[in-house]
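Residue-level structure breakdown
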Amino acid sequence: MTSAPMLQAINVLLLSLLTTFTAYGPTNPSTPHLKLMAAEPRPGKPAHPLSPCKAGDTAAEARSLRKSGRLEEAIGQLKAARGGAPQDLELLGLLGLCLLDAGRQNEALVLLGETHDAPRDIHVLELFRGRLAFEQGDTATAIAHLETAAESPKRPVEALVNLVRAHAQEESFVRAATVAEQLESWQEALGKRLGAQMAEAAGDRIMQRAGRNVEALPRALEKFEAALAKDPTNDLLARKVYDTLVLNHRSTSAFPLLDRLFPEVEGSTERDFQTGRCRVIAGDMKGAEEAFRKALAASPNRSDAAIELARILLSGGHTDEVVQLLSPFAQRGGSHSDVQMLLGLAYERSGHYAEAETFFRRARKLSPQQMDILYHLGRVLIRAGKAEEGRKLLSEFQKATG
Amino acid sequence: MTTSLRRSSGGLLLVGIHLLSVACGSSEPTTRRAAAPLVSTTPHASVSFEVTPTTLRAPRPPPEAGLWFVEGSTELNHVNLSGPTAEQGKSYLLDCIGQGVCAADIDNDGQLDLYFPQGRGDGDSQNILYRNLGDRVFEATENARGANDDSYSFGALAFDFDNDGDLDLLSTNFGKNRLYRNKGGTFTDISTDHPDLAGKPEDWSTGAAAADVDKDGDLDVYIANYYLHDGPALDQKGACRFMGCSVPCGPRGLKAQADSFLRNTGAPDWALVGDADGAGLKGVRNAYAFQPVFTDVDNDGDPDLYVANDSVQNYLFLNDGNGHFSEEAVLAGVGHGDAGNPEAGMGVSVADVDGDRLPEIHVTNFSTQSNSFYRNLSGDDLVWFSEDAHQVNLGYATFFLLSWGCTMADFDCDGYIDVFSANGHVFPQVDDCPPEHIIYKQANSLFAGIPGDEIRFEDLGSKAGQPFEKPAGHRGSAAADFDNDGALDLVVVRLDEKPLMAWNDSRSRGHWLMLTIETPGASTDSWRTDIGARAIIATADRTWTREVIAGSSFLSTEDPRIHFGLGPAEKAETLIVRFSNGNEQRWENVVANSHLRVRQGSDHLQKVSMR
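Only a predicted model underlies this, so the values are computations on that prediction, with no experimental measurement involved.

To continue, consider the overall build of chain B. Across its full length, chain B carries four helices and 39 strands. Counting over 611 residues, chain B shows a buried share of 64%. Taking the intrachain contacts of chain B between residues at least 6 apart in sequence as the baseline, contacts between residues at least 24 apart amount to 61%.

Here you go:
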């Protein structure tokens, strides 16, 4: 039997998943779901290689680091440990989960390539496969892996929480409720942590749907804040709160979290980068530019800082500097579609339509669902004399965006 | 809307989309095309008058240079009504949108009067007409001289639909619209003679604009409609959410209404007959429309139409010269914001900012959307705009504001267009919930055009005087020279408060010219304002182009006279007027600082008394 409080909790969760918002407000269908940005390794204990026999210790330590939100340390340790035990699939699965937590989906995908022939009885590996499939939008595969992961003899809380999300995504609400019921049976043992995970799951789900409506963001923030209140030492949750605050333009609340999440440590550029983000939402563009430049000066390979700086430069009409700044990033494999997009815009604005077309096409290949790329590509094609194709793309854009 | 523009992207991008200009489509650097003179320091006599302070603080003295407005005229003494007040609680969007204002010379005495739509519709409130008595004094008229619409009104358009030389009034309503015929300064309700214009009782009309789209010598009308307001259904639905606040629902999720196009049959009936089909508007998707404006975007001699729509893409209807339109906003780059996302368009103003004879378009948008500045780069048979708000400094400065009424005009007559916007959030509830930087009552904005080759604006903030200090629920606005001193003043609607009259007392104004452009009316001795006419003035190094427009800003009508700021130039070397029927006339060495009446077919520029 499902107790009344749990049913209520499930209802709240499911309701939050189903709620659509029609409130008046800025339509921004371009809102992405929350993804934690790749951060630099957090200063602290240095990563060090371990012998294969120490792999079990490493996994335990990495789990502990992950639980406390110290993802980069966990990733560093796991990568080092895998150097000595490349066949250890548990380490691989754990590393994959940490990468997903850190929003480094591309790296997680590369890792997945190593799991083709892996057996299906390794809980953490299945959890990783399931979560990655879910993030890739392949819910059916995600459910298959997560159900396997949920067969673990230990309490597979994370697998079940993700299974609730996946079933809800499939709109299989009865199944979602059944899984939630199982979670409920562990509630006493897990206490606040389960509550935090439930709230976190609700927040995550809202963020995934936020692509449809920016109005969902404050609700996601409420969920993450509720989760953090239940699990206040969890830096991963604090990070989600922070990121959602930034997306909500809540600079006054976001700034104080900088000290907790991104302490000023010599050699780290994360503080500068995050300061830049906060300054952007506060409307202090000069300050933001300064912070992003500082982050880039110390860490020239930071594509996220380069992208943000490029946006500011483009707004000021500094197209040449944008090209100079982003070109090295564009030449690297797996370049972010934003890099291509911003280069396209810079070339378009400076009247170099052929180059702009090239970059918009590359951006489109990397992010085919991103409608604004279609818009800009369509317009630049018309300017480049390819009116028929341009009109076709713009028509496609109009249909897609209503 | 079901497709995410950036569904697959990371969190970084949201900030970029919201805040940062990854703008589109510009092919050229944002520079003016004509050489520019230095900033004007030409003194201009200021008018002496007594200002009624609205706060206990002593008014600041006007600065020696720069734009300067003072709040005045307690004669505009009605409190604007729009459903319950914010304090009483506004539970429908209907009560939050607010009204526009109409500046029009109702009695042909050379001074612009003021007509205020009122929104309550309870039978006790009615639209208000003030006569301009000169010397900055207005007087409320009894029963608005017959134009006392007691509906739930939103907008007002002054236009001479029967070519008799008097400005008639259209009052747009939630409910049937009203058309008032003007005879010698008094009005008769003739709405029943124009059922297509009046519409249905459930219609919610907002802004309106007029132009002779088919060049048959009479004015046709476009009326924007919003959504089908169903109070009981909304009551059942309950409140919606906005950034964590509980607020009235809409417009998204509610049924958008089709706009109305009325073609004027001309003499002898002067009937305004619905002809959306004939105008080519039938297949266009219904939108939550606020303000249309007619302007010749491609300089081909016929009025095109731009419509600011809320929450969905804006529309640009290109005229084929016969009053048949095709919608080309996306292709032209004026349908969306700089990141290719639809925004919540409220008001719209047009003006040739860069001196290339093509009008730029300025659209006011919702909070967390910068106002848009579409630079017109059309040419070679291609209508083409670039959204340059960030480049011209209208981006970040307007990001957290929610703007409504707007005007691009040369307020200090220095030869460079300035930009005004009336601000205030739509929801009173935002003050009681989390959004930082977003407040209900907001101060208005004035951006001064910075002299130079590049288009750049400087946010003056409160430097422009008291009217830009005091926050309020500002809505519709109109720029007009109410005191006939050669400088454009501003009147702004404030929800639940008296209107703001902002007199332009900038001391160091440049030279100016004001033109009333007229064309023959229906009878042999009548003349009417030639809506759609265009005047081009050239000095040794600059060119300015202005159009006669009826219907702009937000649900408003602005000064129908053309105003030029000439900077240090004491005369226009050439003045070319292209009348709405395509005829052109040219004059040379036109001396500045005067108001001239230009009548089609006459070589004489008649000087109009400014007092």
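What follows is about the overall build of chain A. Counting its regular elements, chain A contains 22 helices and zero strands. Across the 402 residues in chain A, those meeting the buried criterion constitute 56%.

Let us now look at the sheet that holds strand β33 (residues 534–538) of chain B. Residues and elements named next belong to chain B. Taken in spatial order, the four strands make up an open sheet running β34-β33-β36-β37, and their pairing is antiparallel. Only two strands of the sheet have a single neighbouring strand rather than two, namely β34 (543–547) and β37 (584–591). Shown here is a sheet whose adjacent strand axes are inclined to one another by a mean of 20°, direction ignored. Where β33 lies against strand β36 (residues 571–578), five bridges are found, and the strand directions are antiparallel. From the neighbouring strand, A535 faces β36, where its bridge partner is V577.

Moving on to the nonpolar core. Counting residues in hydrophobic clusters, the biggest one holds 291 residues, and the most contacted among them are C98(A), A310(A), L326(A), L342(A), L157(B), V221(B) and L513(B). When residues of this core are sorted by domain, at least three fall in each of domain 1 (4–204) and domain 2 (322–402) of chain A.

Here we take up helix α3 (residues 71–84) of chain A. Residues and elements named next belong to chain A. Between its first and last C-alpha, α3 extends 20 Å over 14 residues, near the 20 Å set by a 1.5 Å rise per residue. Within α3, ten of the 14 residues are buried, which leaves the element mostly enclosed by the surrounding structure. Listed in full, the buried residues belonging to α3 are L71, E72, E73, A74, I75, G76, Q77, L78, A81 and R82.

Residue and element names in this part refer to chain B. With respect to the element layout, E75 can be found in the loop between β1 (69–72) and β2 (102–104). On the neighbour-count criterion, E75 (18 C-beta atoms within 10 Å) is partly exposed. Taking the C-alpha atoms as reference points, E75 and E139, separated by 64 residues in sequence, lie 6.4 Å from one another. With residues near it in sequence (within four places) discarded, E75 still touches V137, F138 and E139.

Time to look at unusual backbone geometry. Negative phi is the rule for most residues except glycine; trans is the rule for most peptide bonds. All names here are of chain B. In this chain, G250 is followed by P251 through a cis amide linkage whose omega measures -5°. Examined against the element boundaries, P251 turns out to sit in the loop between β13 (245–247) and β14 (260–264). Phi is positive for R136, close to 65°, though the residue is something other than glycine. Position of R136 among the secondary structure elements: in the loop between β4 (128–134) and β5 (137–140). Of the residues examined, R136 has 19 C-beta atoms within 10 Å and is grouped as partly exposed. Phi is positive for L555, which is not a glycine, with a value near 60°. Examined against the element boundaries, L555 turns out to sit in the loop between β34 and β35 (562–567).

Residues and elements named next belong to chain B. Chain-level pLDDT for chain B is 89 on average; 90% of the residues reach the 70-or-more range. Here residues 1–56 is a poorly scored stretch, pLDDT under 50, and it has 173 contacts once near neighbours within four places are set aside; other chains count. Complex prediction metrics read pTM 0.77 and ipTM 0.77.

This brings us to the sheet that holds strand β25 (residues 418–423) of chain B. Residue and element names in this part refer to chain B. Taken together, the four strands give an open sheet; going across it, the order is β24-β25-β26-β27, and neighbouring strands pair in antiparallel fashion. Looking at the sheet topology across the chains shown, the edges are occupied by β24 (403–409) and β27 (457–459). The mean inter-strand angle of the sheet, taken between neighbouring strand axes irrespective of direction, is 20°. In this structure, β25 lies alongside strand β26 (residues 445–449), joined through three bridges in antiparallel fashion. Pairing of F420 across the sheet is with L446, part of β26.

Residue and element names in this part refer to chain B. Burial along β1 is two-sided: the face carrying F69 and E71 and the face carrying V70 and G72 are both buried. Judged from the four bridges that link them, β1 and strand β30 (residues 500–504) form a sheet pairing that is antiparallel. Note that in β30 the partner of F69 across the bridge is N504.

On to helix α21 (residues 371–383) of chain A, then. The terminal C-alpha atoms of α21(A) lie 19 Å apart, and with 13 residues this matches the ideal 18 Å at 1.5 Å per residue to within 8%. Buried residues dominate α21(A), accounting for twelve of its 13 residues. Restricting attention to buried positions, one finds in α21(A) the residues M371(A), D372(A), I373(A), L374(A), Y375(A), H376(A), L377(A), G378(A), R379(A), V380(A), L381(A) and I382(A). Packed against the buried residues of α21(A) are α19 (337–349), α20 (353–366) and α22 (387–401) of chain A together with α4 (329–332) of chain B. A positive backbone phi angle near 90° is found at G385(A), which sits one or two residues after α21(A).

As a further point, take the packing of helix α17 (residues 303–315) of chain A against α19(A). Residues and elements named next belong to chain A. Packing of α17 against α19 leaves a shortest axis separation of 10 Å and a crossing angle of 25°. One finds that α17 runs roughly parallel with respect to α19. Note that α17 runs across α19; the crossing there is left-handed. Contact with α17, carried on its side by S303, I307, A310, R311 and L314, involves D338, V339, L342, L345 and A346 of α19 and no other residues of that element.

Attention now goes to the packing of helix α16 (residues 285–298) of chain A against α17(A). Residue and element names in this part refer to chain A. In the contact formed by α16 and α17, the axes pass within 9 Å of each other and the chain directions differ by 145°. Crossing angle aside, the handedness with which α16 passes α17 is left-handed. Between α16 and α17, the contacting residues are M285, A288, E289, F292, R293, A295 and L296 on the first element and A305, A306, E308, L309 and I312 on the second. The residue makeup of the contact of α16 with α17, split by class, is nine nonpolar, no polar and three charged.

Quick look at the pairing of β24(B) now. All names here are of chain B. With respect to burial, β24 is a largely interior element, seven of its seven residues being buried. One ladder, built from five bridges, connects β24 with β25; its direction is antiparallel. Paired with C406 across the two strands is S421, which belongs to β25.

Before going further, it helps to spend a moment on the confidence of the model for chain A. Mean pLDDT over chain A works out to 79, with 81% of the residues at or above the 70 mark. Across residues 1–53 of chain A the pLDDT falls below 50, and counting only partners more than four positions away or on other chains, this stretch makes 158 contacts in the model.

Here we come to the environment of R178(B). Residue and element names in this part refer to chain B. Residue placement: R178 occurs in strand β8 (residues 178–183). When the C-alpha positions of R178 and D149 are compared, they lie 7.2 Å apart, and in sequence the two are 29 residues distant. Once residues lying within four places of it in the same chain are set aside, the contact partners of R178 are D149, S151, S171, N173, D189 and S191.

Residues and elements named next belong to chain B. Structurally, V101 can be placed in the loop between β1 and β2. On the basis of neighbour counts, which here come to 28 C-beta atoms within 10 Å, the residue V101 falls in the buried class. Separated by 144 residues in the primary sequence, V101 and C245 have C-alpha atoms spaced 30 Å apart. The contact partners of V101, leaving out residues within four places of it in the chain, are L114, F116, G476, S477, A478, V491, V493, P499 and S556.

Conventions and cut-offs
Sequence order sets the numbering: in each chain, residues are counted from 1 along the sequence as written. Naming scheme: in the order in which they are written, chains are lettered from A and ligands are numbered from 1. Totals for whole chains, interfaces and linings use every residue, but because this is a predicted model, local features are given only for residues with pLDDT of at least 70 and side-chain atom pairs only at 80 or more, for both listing and counting. Every helix listed is a DSSP run of H or I at least four residues long, and every strand listed is a run of E at least two residues long, numbered separately from the N terminus. With C-beta atoms placed from the backbone, a residue is labelled by how many other C-beta atoms lie within 10 Å of its own: buried for 20 or more, exposed for 12 or fewer, partly exposed between the two. Remark: residues whose backbone-derived C-beta atoms lie within 7 Å of one another are considered to be in contact. Paired strands are those between which DSSP finds at least two bridges. A fitted line through C-alpha atoms represents every axis, and for helices the fit uses only the stretch in contact; the resulting angles, taken between N-to-C directions, go from 0 to 180 degrees. Residues enter a nonpolar core if they are buried, belong to Ala, Val, Leu, Ile, Met, Phe, Trp, Tyr or Cys, and are joined to the set through C-beta atoms within 7 Å. Domain limits in this description derive from either an automatic procedure or a database domain assignment. Under the convention used throughout, the expected extent of a helix is 1.5 Å for every residue step, that is, one less than its residue count. Values of pLDDT, the confidence the predictor places in each residue, fall between 0 and 100. Angle categories are assigned with fixed cut-offs, so that under 35 degrees is roughly parallel, over 145 is roughly antiparallel, 65 to 115 is roughly perpendicular, and the rest are oblique. Whether a crossing is left-handed or right-handed is set by the direction in which the near helix is turned from the far one by less than a right angle, anticlockwise for left-handed and clockwise for right-handed. Residues are sorted three ways: Asp, Glu, Lys and Arg are charged, Ala, Val, Leu, Ile, Met, Phe, Trp, Tyr, Cys and Pro are nonpolar, and all the rest, Gly among them, are polar.

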